[in-house]
Amino acid sequence: MADRVGIEVSVAIGDAVKQANVDVIAAYPITPQTHIVEHLAELVANGEVDAAYIPVESEHSAMSACLGSAAVGARTFTATAGQGLELMHEVLYVASSMRFPVVMTVANRALSSPLSVWGDHSDVMAVRDTGWIQIFTENGQEVVDHIFCAFRIAEDNKVLLPVMIHLDGFHLSHVIEPITFPDQSKVDKFLPDNKYPLPLHPDKPVTMGDFAPPIIYPEAKWAQEVNLRASKEIILKCWQEFGEIFGHHYSPVERYHSEKAKVLLLTMGSFSETAMTAIDKMRGEGRDVGLVRLRLWRPFPFEELRRAVEDAETLIVLDRALSFGGPGGPVCSEVKAALYGQAKKPKVVSFVSGIGGRDISPGDFEEIINKGITISEKGSPNEFEIFGVRE
Amino acid sequence: MAKRKPKSEGEMTWRDLEIGAIVTEPGNASRYKTGDWRSQRPTYDFKKCIKCALCQIFCPEGCIFQNDEGNFEADMYYCKGCGICARECPTGVITMVEEEE
């Protein structure tokens, strides 16, 4: 029978990775991700997980070790956050380009300087184009569920791409939540053994990460792009099957009272749950507002997003990262790009808030929505609005 | 370079590549002739050669072989003209000269 326990989300991730029968963990500790790999190190040391734990000297080395592990066909996991993700940066491209099914949880953290260990999405946005599948989660159960989904998607021989599971640092990584762990037999059935098709093996030598002159490099890159886009179909199938077996249902763009609502708020990550509280209150007062949450960040779900917002008049997008000198929040600029050519589309208003771990309360969300409505009616000279910063 | 199926690299489409552009044919780098990188070429005075094979050991390209007369000579399809063999030869067999073209 499935176990429902009160547990810190980071520790729950470690337990889920154990259930996923991981082979190799290579990681470097960094706040607010540390508890994940600390717990896994303990599980390995106690013999509770039959896996190799590689304590490396940096995140660059962590991801490099993950490549080597994935190259021999081992099920490979790591975790990082903030500066650690940025130090991995160049190796992230190598992981996706070499088509290695590494799974990584990222406890989203603000970037220095000033030094901040608290959460926002600036680390994610810097690795947006690294070719990884990227999924956002809103609560502990979703993270645990996505450990199983991520391995299944990544290792599918039609996909073979690394997957990042994003969870908000502290706001999600460090809270204690009731989490249901599935039966091991169901996990084993849902998650078959990793069968990487061309592993390094002395009996069948291959060259990985080879040299490509201009005569072949563009073909290699286009193959990668086609593959990442095509992975959406497998992701959808995985979520459907997961829902049927485990009863938790996921989709690329998720809605909350958004059908026929004139005004929509779009969020990503754990702040979506706070936004729901604000939406409930406003709807209780007769306001015509709804919420849309972006779960699948890469590959970007263009069609699903267009369908979710086409009937609205106003779409207010909340970003938790700045794009310095750019067109507004990174999520909003992608949403605008997705809608630009559409005949029927809402007016889009960009807000940036909640950076460096600053909370956005339900009252703040209400204020953001009200300001957004005013801006969509009267216009604004700004590319985006910053909310909650003292003038 | 990516795996050569019946097609050459210039004929291959993105569909012809293995996942991650993995090369499944061992040793196919030998098809990449690096000799045209060369700006200097080795010349030999084989009378001085003591057959010590130091040039072969030091050659970073691995392109020096013993010919039918037992002398050590670079395969000019691969020799990049680095001159390490000339530097290491203890009896001064090898002299590097400018390539004419």
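The rules behind these values
- Residues numbered from 1 in each chain as written.
- Chains lettered and ligands numbered in written order.
- Predicted model: local features only at pLDDT ≥ 70, side-chain atom pairs only at ≥ 80, totals over all residues.
- Heavy atoms only, no water.
- Domains from an automatic or database assignment.
- Buried < 20%, exposed > 50% of the residue type's maximum accessible area, 1.4 Å probe, protein only.
- Helix = DSSP H or I, 4+ residues; strand = E, 2+ residues; numbered from the N terminus.
- Buried area = accessible area lost by both parts, 1.4 Å probe.
- Salt bridge = Lys/Arg side-chain N within 4 Å of Asp/Glu carboxyl O.
- Polar contact = N/O pair within 3.5 Å; in protein donor to acceptor, adjacent residues only side chain to side chain.
- Pairing = 2+ DSSP bridges.
- Right-handed = clockwise from strand over helix to strand, strands pointing away.
- Expected span 1.5 Å × (residues − 1).
- Contact = heavy atoms within 4.5 Å.
- Core = buried A, V, L, I, M, F, W, Y, C linked by side-chain atoms within 4.5 Å.
- Lys, Arg positive; Asp, Glu negative; His and termini not counted.
- Axes fitted to C-alpha atoms, helices over the stretch in contact; angles between N-to-C directions.

Enquirer: I keep staring at the domain arrangement of chain B and nothing clicks. Help me out?
Expert: Frequently, the measure chosen for interface size is the accessible area removed from exposure when the parts meet. Domains assigned within chain B are domain 1 (1-31) and domain 2 (33-98). Its C-alpha centre places domain 1 of chain B at a distance of 31 Å from the equivalent point of domain 2 of chain B.

Enquirer: How should helix α12 (residues 330-339) of chain A be read in this particular structure?
Expert: Since there are 3.6 residues in each turn of an α-helix, residues three or four apart along the chain are aligned in direction. Judged by how many residues are buried, α12 of chain A sits mostly within the fold: 7 of 10 residues are covered. When we look at burial in α12 of chain A, the residues that qualify are Pro330, Val331, Cys332, Glu334, Val335, Ala338 and Leu339 of chain A.

Enquirer: Got a minute to help me understand the domain arrangement of chain A in this structure?
Expert: Residues and elements named next belong to chain A. If you check the domain split of chain A, you get domain 1 (3-246) and domain 2 (253-386). A straight line from the C-alpha centre of domain 1 to that of domain 2 covers 28 Å. A combined buried area of about 2,300 Å² lies between domain 1 and domain 2, and 55% of that area is made up of carbon and sulfur atoms. Where domain 1 packs against domain 2, one counts 6 salt bridges. Notably, a salt bridge pairs Asp129 with Arg298, separated by 3.6 Å at the nearest N-O pair. Linking domain 1 with domain 2 are 15 residue pairs in polar contact (both at pLDDT 80 or more). Listed by contribution, the elements that provide at least two residues to the side of domain 1 that touches domain 2 are α6 (122-126), β6 (133-136), α7 (140-155) and α9 (217-246).

Enquirer: Just checking my understanding: could you explain the pairing of strand β14 (residues 347-352) of chain A for this structure?
Expert: If a strand is regular, its side chains alternate between the two faces of the sheet. Residues and elements named next belong to chain A. When strand β13 (residues 314-319) meets β14, the two strands line up parallel, connected through 6 bridges. Pairing of Leu318 across the sheet is with Phe351, part of β14. This β-α-β element, β13 to α12 to β14, shows right-handed connectivity. Crossover connection from β14 via helix α13 (residues 362-378) to parallel strand β15 (residues 385-386): handedness left-handed.

Enquirer: Is there a simple way to explain helix α3 (residues 59-71) of chain A in this structure?
Expert: Residue and element names in this part refer to chain A. Given a rise of 1.5 Å per residue, 13 residues ought to cover 18 Å, and the 18 Å separating the end C-alpha atoms of α3 matches this to within 8%. Of all 13 residues making up α3, 10 are buried, and the element is well covered by its neighbours. Residues Glu59, Ser61, Ala62, Met63, Ala65, Cys66, Leu67, Ser69, Ala70 and Ala71 constitute the buried set of α3. Packed against the buried residues of α3 are β2 (24-27), β3 (52-55), β4 (76-80), α4 (82-87), α5 (89-97) and β5 (103-108).

Enquirer: Whenever I open this one, the environment of Ser251 of chain A confuses me. Can you help?
Expert: Residues and elements named next belong to chain A. Summarising the element assignment, Ser251 is placed in the loop between α9 and β9 (253-256). A residue is classified by how much of its surface remains accessible, and Ser251, at 27% relative accessible area, is partly exposed. It is 7.1 Å that separates the C-alpha atoms of Ser251 and Trp239, two residues lying 12 residues apart in sequence. For Ser251, the contacting residues outside a window of four places in its chain are Trp239 and Arg295.

Enquirer: Quick question: what am I supposed to make of the nonpolar core here?
Expert: Note that soluble globular proteins tend to have their nonpolar side chains buried in a common cluster. Residue and element names in this part refer to chain A. Counting 51 residues, the largest nonpolar core has Ile13, Phe77, Ile133 and Ile147 as the members making the most contacts within it. Sort the elements by how many residues they give to this core and α7 lands first, with 9 residues. Those residues in contact with Ile133, other than ones at most four positions away along the chain, are Ile153, Val159, Leu161, Pro162, Val163, Met164, Leu228, Ser231, Ile235, Leu296, Arg298 and Pro299. Grouped together as the second largest cluster of nonpolar side chains are 29 residues, Ala26, Leu67, Phe100 and Leu198 included.

Enquirer: Mind showing me how you'd approach the pairing of strand β8 (residues 176-181) of chain A here?
Expert: Residues and elements named next belong to chain A. Side-chain alternation along β8 places Glu177, Ile179 and Phe181 on a buried face and Ile176, Pro178 and Thr180 on a face that remains uncovered. As paired elements, strand β1 (residues 3-8) and β8 share 6 bridges and run antiparallel to each other. Counterpart to Arg4 in the pairing with β8 is Thr180.

Enquirer: It is not clear to me how the side chain of Asp145 of chain A should be interpreted in this structure. Could you clarify?
Expert: Residue and element names in this part refer to chain A. By the element assignment, Asp145 lies in helix α7. At 8.5 Å, Arg295 is the nearest oppositely charged side chain to Asp145, a buried residue that forms no salt bridge. Every residue in contact with Asp145, bar those within four places of it in the chain, is listed here: Phe242, His248 and Tyr250.

Enquirer: When you look at the sheet that holds β9 of chain A in this model, what are you seeing that I'm missing?
Expert: Remark on secondary structure: sheet strands pair via backbone hydrogen bonds, oriented parallel or antiparallel. Residue and element names in this part refer to chain A. Ordered by their spatial adjacency, 6 strands build an open sheet running β9-β11-β10-β13-β14-β15, and the pairing between neighbours is mixed. Two strands in the sheet have a free side with no partner beyond their single neighbour: β9 and β15. Docked against the sheet, helix α11 (residues 302-309) engages β9, β10 (263-267), β11 (289-294) and β13, running at close to 20° with respect to β9.

Enquirer: Is there a simple way to think about the sheet that holds strand β7 (residues 163-168) of chain A in this case?
Expert: All names here are of chain A. Taken in spatial order, the 7 strands line up as β3-β2-β4-β5-β7-β6-β12 in an open sheet, and their pairing is mixed. Every other strand in the sheet has two partners, leaving β3 and β12 (296-298) as the edge strands with one partner each. Averaged over neighbouring strand pairs, the angle between their axes works out to 20° when direction is ignored. Sheet analysis places β5 next to β7, joined by 6 bridges and oriented parallel.

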